[in-house]
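# Coordinate analysis (summary)
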Amino acid sequence: MADGHTSSQVGSSAVPRPGDLVVARPEGLYCPPGGFHIDAWRPVDRCIITHGHSDHARMGHNHYLAHTDSAGVLRARLGADIALQTLAYGEKIELNGVKVSLHPAGHVLGSSQVRLEHQGRVWVVSGDYKTEYDGTCTPFEPVPCQVFITESTFGLPIYRWAPQAQTFAEVNAWWHANAQEGRASVLFCYAFGKAQRILHGVDASVGTIVVHGALEPLDAAYRAAGVALPDTVRVTDEGVDAALLKRSLVLAPPSAQGTPWLRRFGSNYSDAFASGWMQLRGARRRRAVDRGFVLSDHADWPGLQAAIAGTGAERVIVTHGSVPVLVRWLSELGLEAHGFHTEYGEQDDEPPPTAEAAEAPAP
Ligand SMILES: [Zn+2]
């Protein structure tokens, strides 16, 4: 089916064709017949938001549309007074003749694929997604479509995630061993999505779990949406036992690394980082931590293949990550594939290795 719209267009915005339901504009992805944007990176009038990570949910739009479960996080991050309309999964609305519905993306709480239907054409914009069910958000569902717009954050054959139960067993064993030796276990993780997934997945019977204040509003949004998370304490809570802190599991955002906040856990705590990038050689060393746990909220290489095949799409547009590799692979399968230039993938959600290297503290 390849008709020339193949790897020659990698990395650039493909030339839109008549009838395209999504085009790349300088301010973001745009649906011409619907007159709205999706995850725009500059302020626009009407924007559908796939999920609350800061590279997809930007400030300054006049009207927001997102899944009901995204509301708490969006209001916490963008302002309580944003003009926000919410939809349940599968609920259909019509915007200027385009039927719009949201479907689970399995990435973080409220994350959605956006299905667009107009004059017999069906397109799906998937935002970020992962195919393994993690217990904290509605699992990914393949949505049949003619054109599928996909991420490719981990779109290289080296990225293959172990089942998350195996990763959590490793985290539990590390925490348990540290606690036995009277050491706190400080686990750095992204504040929205990863932290709550870890909270949900670890064995809370091992000991006390401490969360950094930056995680609290996000944990609260998950709890409000009905996601079971174990009890946690803050170091500023009254009556926190200092001896317990020294055997606790501490969840903190990457920005807390090297700050005085960590002093209360003593000088001999063990630290670790949880990210898909930990599969990359040298990533743990660049982060200057004792352990790296490979845990991602994005699809791995087999997950991307399965998700794309599951849609039955004949044309695939790749937005961010390893765009050329995925485009070439899909083209070789006989699909029509090309890239869109976007500004995704560079904020608080799994920053790519270049950003990671730049952020890493000096050795
Ligand atoms: Zn994301």
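Residues numbered from 1 in each chain as written. Predicted model: local features only at pLDDT ≥ 70, side-chain atom pairs only at ≥ 80, totals over all residues. Heavy atoms only, no water.

This part is about the sheet that holds strand S16 (residues 291-293). Hydrogen bonds between backbone atoms are what pair the strands of a sheet, whose relative direction is either parallel or antiparallel. Spatially, the five strands line up as an open sheet ordered S13-S14-S12-S15-S16, and their pairing is parallel. Both outer strands of the open sheet, strand S13 (209-211) and S16, are each paired with one neighbouring strand and no more. Shown here is a sheet whose adjacent strand axes are inclined to one another by a mean of 25°, direction ignored. Pairing between strand S12 (residues 185-188) and strand S15 (residues 270-274): four bridges, direction parallel. Bridge pairing in S15 places phenylalanine 188 opposite phenylalanine 273. Across the sheet, helix H3 (residues 194-201) touches S12, S13, strand S14 (249-252) and S15, and the angle it forms with S14 is around 160°. (Pairing = 2+ DSSP bridges. Helix = DSSP H or I, 4+ residues; strand = E, 2+ residues; numbered from the N terminus. Axes fitted to C-alpha atoms, helices over the stretch in contact; angles between N-to-C directions. Contact = heavy atoms within 4.5 Å.)

Summed over all chains, the structure comprises 13 aromatic pairs. Pairing tryptophan 174 with phenylalanine 293 gives two aromatic rings, centres 5.5 Å apart and planes at 65°, and the pair type is edge-to-face. Of the two residues, tryptophan 174 sits in helix H2 (residues 164-180) while phenylalanine 293 sits in strand S16, which places them 119 residues apart along the sequence. With respect to class, tryptophan 174 is no different from phenylalanine 293; both count as buried. Here the aromatic residues Phe154, Tyr159, Trp161 and Trp277 are joined through ring pairs into a cluster of three or more. Between arginine 25 and the ring centre of tyrosine 30, over which it is positioned, the NZ or CZ distance is 3.8 Å. (Phe/Tyr/Trp six-rings, centres within 6.5 Å; stacked < 30°, edge-to-face > 60°. Buried < 20%, exposed > 50% of the residue type's maximum accessible area, 1.4 Å probe, protein only. Lys NZ or Arg CZ within 6 Å of the ring centre and 35° of its normal.)

Let us look at empty space enclosed by the protein. Across all of its chains, the model carries two cavities of 30 Å³ or more by this definition. Approximately 50 Å³ is the volume found for the largest cavity. In terms of lining residues, the largest cavity is bounded by Leu29, Asp39, His56, Val125, Ser126, Gly127, Ile149, Thr150, Glu151, Thr319, His320 and Tyr344. Of all the elements in the fold, those that place two or more residues in the lining of the largest cavity are strand S11 (147-152) and strand S17 (315-321). The greatest single-element share of the lining of the largest cavity, amounting to three residues, is contributed by S11. Of the residues that constitute the lining of the largest cavity, the class distribution is four nonpolar, six polar and two charged. (1 Å grid on protein atoms, 1.4 Å probe; cavity = no way out; pocket = protein on both sides within 12 Å on 5 of 7 lines; lining within 4 Å. Points joined across faces, edges and corners; volume = space filled by probe spheres on them. Nonpolar A, V, L, I, M, F, W, Y, C, P; charged D, E, K, R; others polar.)

Moving on to the sheet that holds strand S6 (residues 84-87). Pairing within the open sheet is mixed, and its six strands lie in the order S1-S2-S3-S4-S5-S6. The open sheet is flanked by strand S1 (23-25) and S6, the only strands paired with a single partner. The average undirected angle you get between the axes of adjacent strands in this sheet is 35°. In this sheet, strand S2 (residues 28-31) lies alongside S1 in antiparallel orientation, the contact comprising three bridges. Paired with arginine 25 across the bridge in S2 is glycine 28.

What follows concerns the domain arrangement of the chain. Domain parsing of the chain yields domain 1 (23-159 + 297-358) and domain 2 (164-293). Inter-centroid distance (C-alpha atoms) of domain 1 to domain 2 is 28 Å. Opposite the 26 residues of domain 1 that make contact, domain 2 presents 22 residues. Buried surface at the junction of domain 1 and domain 2, summed over both partners, amounts to about 2,300 Å²; 60% is from carbon and sulfur atoms. Our count for the contact surface shared by domain 1 and domain 2 stands at three salt bridges. (Domains from an automatic or database assignment. Buried area = accessible area lost by both parts, 1.4 Å probe. Salt bridge = Lys/Arg side-chain N within 4 Å of Asp/Glu carboxyl O.)

Moving on, we come to the pairing of S12. In regular strands, side chains alternate between the two faces of the sheet. Residues Ser185 and Leu187 of S12 are buried on one face, and the alternating residues Val186 and Phe188, pointing to the opposite face, are buried as well. As judged from the four bridges shared by S12 and S14, these two strands associate in the parallel manner. Note that in S14 the partner of phenylalanine 188 across the bridge is alanine 252.

According to the stated counting rule, one finds zero disulfides in the structure shown. Cysteine cysteine 31 is unpaired, with the sulfur of cysteine 47 as its nearest cysteine sulfur at 12 Å. We classify cysteine 47 as buried; its relative accessible area is 1%. (Disulfide = S-S within 2.5 Å.)

Here we come to the environment of leucine 95. Topologically, leucine 95 is positioned in strand S7 (residues 92-95). Judged by relative accessible area, leucine 95 falls into the buried class, the value being 14%. Beyond its immediate stretch of four places on either side in the chain, leucine 95 contacts Gly34, Phe36 and Val100.

Further remarks concern the side chain of serine 296. Note that serine 296 resides in the loop between S16 and helix H7 (301-311). Serine 296 gets classed as buried once you look at its relative accessible area, which sits at 2%. At a separation of 2.9 Å, a polar atom in the side chain of serine 296 contacts the main-chain amide nitrogen of histidine 298. (Polar contact = N/O pair within 3.5 Å; in protein donor to acceptor, adjacent residues only side chain to side chain.)

Another point: the environment of tryptophan 161. With respect to the element layout, tryptophan 161 can be found in the loop between S11 and H2. Considering only alpha carbons, one finds tryptophan 161 and alanine 173, twelve residues apart in sequence, at a separation of 19 Å. Ignoring anything within four residues of it in the chain, the contact list for tryptophan 161 reads Phe154, Gly276, Gln279, Val294, Ser296, His298, Ala299 and Asp300. Reaching out from tryptophan 161, the side chain makes a polar contact with the backbone oxygen of histidine 298 at a distance of 2.8 Å.

Along the chain, tyrosine 190 falls in the loop between S12 and H3. Sequence separation between tyrosine 190 and serine 255 is 65 residues, and the spatial gap between their C-alpha atoms is 9.3 Å.

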